[in-house]
Amino acid sequence: VESNYSNNRPCEKLFEPITFNGMTIKNRIVMTAMHLNYTPTGEVTSQFTDFYRERVAGGAGLIVVGGAPVNVIGGGSLMLGGWDDRFIPGLAEFVEEMKKTDPDVRLGVQLYHAGRYAWSLLTGQQPISSSAVSSRYNKETPRALEIKEMPEVQQDFADSALRFKKAGFDTIEIVGSAGYLINQFLSPAVNKRTDEYGGSFENRARFGIETVQRVRKSVGDDYPIFMRVAGADFVPGGHTNAESAEACALFEKAGVDAFSVTGGWHETRVPQLTMSVPRGAYAYLAQGIRNKVTVPVVACNRINDPQVGERILAEGRADMVGIARGLIADAELPNKAQAGSYRTIRKCIACNQGCFDHVFMGLDVNCLVNFRAGREGFYSTTKKADSPKNVVVIGGGPGGCEAARVAAELGHRVTLFEQQDKLGGGLRLCAAPPGREEFYELINFHAVCLAESNIDVRMSTTATVEAVKELDPDLVVYAGGAEPVLPALMQNTKHPNVHLAKDVLLGNVPCFGDTVIVGGGAVGCETALYLSHNDQMKSDVAAFLIRTGAETAERVTELINEPIRQVHLVEMLPKVGEDIGKTTRWTMMLELRRSGIAIYRETKVLAIKENGVRIQSESGEEGFIECANVVVATGYRPKTGFAESLVAAGLKVQVIGDAASPRMAINAIEEGFKAAWNL
Ligand SMILES: Cc1cc2nc3c(=O)[nH]c(=O)nc-3n(C[C@H](O)[C@H](O)[C@H](O)COP(=O)(O)O)c2cc1C
Ligand code: SF4
């Protein structure tokens, strides 16, 4: 088991209760709001209820559902309904069901209005905002709200709050974060008004303050109100943390009882949610706000490990911690942390493949590491096999490990063969590039599950047909992975340093000096970033130079980004990184640019010569790139020879993951899970 982060200190602070405005939360873990796409008509569904029932049972102190649009123009009908009384009975049933599971859980709902971030395709209306400033996020141009229209929008928040109070929710949360409507008034980045709702700080805060006041009036004094805020906007001309904190002080005066502090706007170019964001990186934003208000503050973003949360609380940076994706990945995270079984927590790896990417594709939220997320009603944790079978799994990558784990949990007898002395398979390549180390957590999780099960794990063992037959398997799950495609141009080259991307990523070959990477898919991009990151000044050196005043922060930034060699990325298609999920791709493209990597799109490599590569662009123009290394990242193909031998020997074989067709880890996990489930 490898881990960069975890230790086994008890999480005491995390499990201290907290009370404010008459509400006691049993611990400091807040599951923050997530639009899950489980409520296509706005009504609560069984999928929604089943998902949250497990999270309530898992021990989170406060669960905030939603965002729930307060009116249609604010978000559209695919989100949890907050804009009409007809939703109340379904919501009340939901609350009852959750409280049946744990009477001590506290439930909140987020009152949502996206303003200019709303999609007209979903709302059927032009979005509204403080000013008519178009958005690069959804390519919409809103219209500026007229003063006479404002009370109605604010009253929609207030009416919605009352609806949720009537349905039995313990608290509501007003969305003033992420660059949504209240933020759009607050921040000079887009508020260009010249009336009493624009210009000065007080004027820009007015819309939010009035909204809070109306909500307070509607729910009464003794009902807790949360507000979600951007700890800093992270957009040009937007608010810094200090200004956000000033605004929170005003919102507190208007009636807010607690602040949930996230990072920047949806439009920001500063990554907020990808695995390149260090764990707990934005806790300092919560701290900045905590210094200016007297009410509790929740620190959010990338707190996927209870130890990180405990530390934030112990350091006094926040009063509670927000965990969103960490509770998709493992509903039991709080209970496991309280029991001290940290090793068994299935951590969110911030890949976004099953959650954010799905939302952007209009799909339900699922999870790479937890296939059951969003499917709780179909895959019960209590199912056991009627008649235990013999299962042989070949390959200890993500799909194979998942198949073995689930089969063993169901009660089958499992043997797993892994050729290498380490688990992980192709996932080790995914984990190699800078900022992608979280993938190791999935390998760790599987390693712990296998070690704690009665699976016969045969490491460093190449399976043979005889050895498999001897185990008399009812099913062989073949998860032997894929192998690199070797293009013809690799043969007969006199270049002394031609490597496969996987060997570079795994550190098996030295690779110094100018480098051409052939193939600009995910692996090519990751290899380019891996090389440039290896060259970069290390973060401890950078911090040392800044802290001691040896260099200015500006100069250190230059030094970090100054390439000491040229990396070239050559891709035949018009786009590089096409096979990277939408919500991660832009961060990698930014990094490629920042690292000075030369990208050649719609360009073929014609030949690898002694001292470089000959290329040809789509228009037929030829060129030559001199380089010390050529790295080939031209894709993978399934490795199925052994599976065929097993079939020929009369065994029942199911091929899964990259061995079936090279794809993303989320596909391998799904196929591994289903292979075991359907035994
Ligand atoms: C699928 C998805 C939908 C989300 N929807 C909302 C939302 O409607 N309102 C909101 O304030 N935050 C939303 N978030 C952000 C989360 O509440 C949380 O702040 C973010 O995921 C970072 O925390 P984490 O690293 O613990 O996941 C969403 C997150 C995800 C993954
Ligand atoms: S899909 Fe990835 S980012 Fe989303 S919850 Fe699962 S592990 Fe976390």
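A quick note: this is a predicted structure, and the numbers were derived from the prediction, not measured.

(A) Main features of the pattern of salt bridges. Counting across every chain of the model gives 40 salt bridges. Between Glu267 and Arg116 there is a salt bridge, with its nearest N and O atoms 2.9 Å apart. With a gap of 151 residues between them, Glu267 in the loop between β10 (258–262) and α8 (283–290) and Arg116 in the loop between β5 (106–112) and α3 (120–123) connect regions that are remote in the sequence. Take Arg116: its relative accessible area is 1%, and that puts it in the buried class. The network of salt bridges with common partners includes Arg279, Arg302, Asp305, Lys347, Glu438 and Glu441.

(B) Up close: the packing of aromatic side chains. This model, assessed by the stated rule, comprises 23 aromatic pairs. Taking 5.0 Å as the distance between ring centres and 90 degrees as the angle between the ring planes, the aromatic pair formed by Phe51 and Tyr52 counts as edge-to-face. Where Tyr379 meets Phe673, the ring centres are 5.2 Å apart and the plane angle is 85 degrees; that geometry is what we call edge-to-face. Here Tyr379 is found in the loop between α12 (356–360) and β13 (390–394), whereas its partner Phe673 is found in helix α23 (residues 665–677), with 294 residues between them in sequence. One exposure class covers both Tyr379 and Phe673, and it is buried. Here the aromatic residues Tyr38, Phe48, Phe51, Tyr52, Phe94, Phe164 and Phe169 are joined through ring pairs into a cluster of three or more. The ring of Phe51 carries Arg55 above its face, with NZ or CZ at 3.9 Å from the centroid. Here the basic side chain of Arg206 rests over the ring of Tyr197, its NZ or CZ set 6.0 Å away from the ring centre.

(C) Region of interest: unusual backbone geometry. The step from Gly66 to Gly67 runs through a cis peptide bond, and the omega angle for that step is 0 degrees. Here Gly67 lies in strand β4 (residues 62–69). In the Ramachandran plot, Ser460 falls in the positive-phi region, its phi being about 50 degrees despite a non-glycine side chain. Mapped onto the secondary structure, Ser460 falls in the loop between β15 (456–458) and α16 (465–470).

(D) Focus on the site of ligand 2. Arg325, Ile328, Cys348, Ile349, Ala350, Cys351, Asn352, Gly354, Cys355, Cys367, Leu368 and Val369 make up every residue found near ligand 2. Residues of the shell around ligand 2, tallied by class, amount to nine nonpolar, two polar and one charged.

(E) View of the confidence of the model for the protein chain. Averaged over the protein chain, the pLDDT score is 94; the fraction of residues at 70 or greater is 99%. For residues 1–5, every residue scores under 50 in pLDDT, and the model assigns this stretch 13 contacts once sequence neighbours within four places are set aside.

(F) Structural detail: the pairing of β13. The buried fraction of β13 is high, at five of five residues. Note that β13 and strand β14 (residues 413–417) share five bridges and pair parallel. Across the sheet, residue Ile394 finds its bridge partner in β14, namely Phe417. Assessed by its sense of winding, the connection that carries the chain from β13 through helix α13 (residues 398–410) to β14 is right-handed. For β13 and strand β16 (residues 475–478), the ladder comprises four bridges, and the chain directions are parallel. Following the sheet pairing, Val393 is matched in β16 by Val477.

(G) How the structure looks around the site of ligand 1. Around ligand 1, the surrounding shell holds 16 residues, and the nearest of these are Ala33, Gln110, Arg302, Ala324 and Arg325. Take Ala33: an N or O atom from its main chain is 2.6 Å from an oxygen atom of ligand 1. Across the complex, the protein chains shield 92% of the 610 Å² of accessible surface that ligand 1 would expose by itself. Per-class residue counts for the shell around ligand 1 are eight nonpolar, five polar and three charged.

(H) Highlighting the packing of helix α19 (residues 539–547) against helix α20 (residues 553–561). Where α19 meets α20, the closest approach of the two axes is 9 Å, and the angle between their N-to-C directions is 160 degrees. Taken together, the axes of α19 and α20 are roughly antiparallel relative to one another. Taken as a pair, α19 and α20 cross one another with a handedness that is right-handed. Between α19, through Ala542, Leu545 and Ile546, and α20, the contact on the second element is made entirely by Ala553, Val556 and Ile560. Of the residues assigned to the contact of α19 with α20, the class counts are six nonpolar, no polar and no charged.

The rules behind the values
- Residues numbered from 1 in each chain as written.
- Chains lettered and ligands numbered in written order.
- Predicted model: local features only at pLDDT ≥ 70, side-chain atom pairs only at ≥ 80, totals over all residues.
- Heavy atoms only, no water.
- Salt bridge = Lys/Arg side-chain N within 4 Å of Asp/Glu carboxyl O.
- Helix = DSSP H or I, 4+ residues; strand = E, 2+ residues; numbered from the N terminus.
- Buried < 20%, exposed > 50% of the residue type's maximum accessible area, 1.4 Å probe, protein only.
- Phe/Tyr/Trp six-rings, centres within 6.5 Å; stacked < 30°, edge-to-face > 60°.
- Lys NZ or Arg CZ within 6 Å of the ring centre and 35° of its normal.
- Near = heavy atom within 4 Å.
- Nonpolar A, V, L, I, M, F, W, Y, C, P; charged D, E, K, R; others polar.
- pLDDT = per-residue confidence, 0-100.
- Contact = heavy atoms within 4.5 Å.
- Pairing = 2+ DSSP bridges.
- Right-handed = clockwise from strand over helix to strand, strands pointing away.
- Polar contact = N/O pair within 3.5 Å; in protein donor to acceptor, adjacent residues only side chain to side chain.
- Areas by Shrake-Rupley, 256 points an atom, 1.4 Å probe, with all protein chains shown as cover.
- Axes fitted to C-alpha atoms, helices over the stretch in contact; angles between N-to-C directions.
- Parallel < 35°, antiparallel > 145°, perpendicular 65-115°, else oblique.
- Left-handed = near helix turned anticlockwise from the far one by under 90°.

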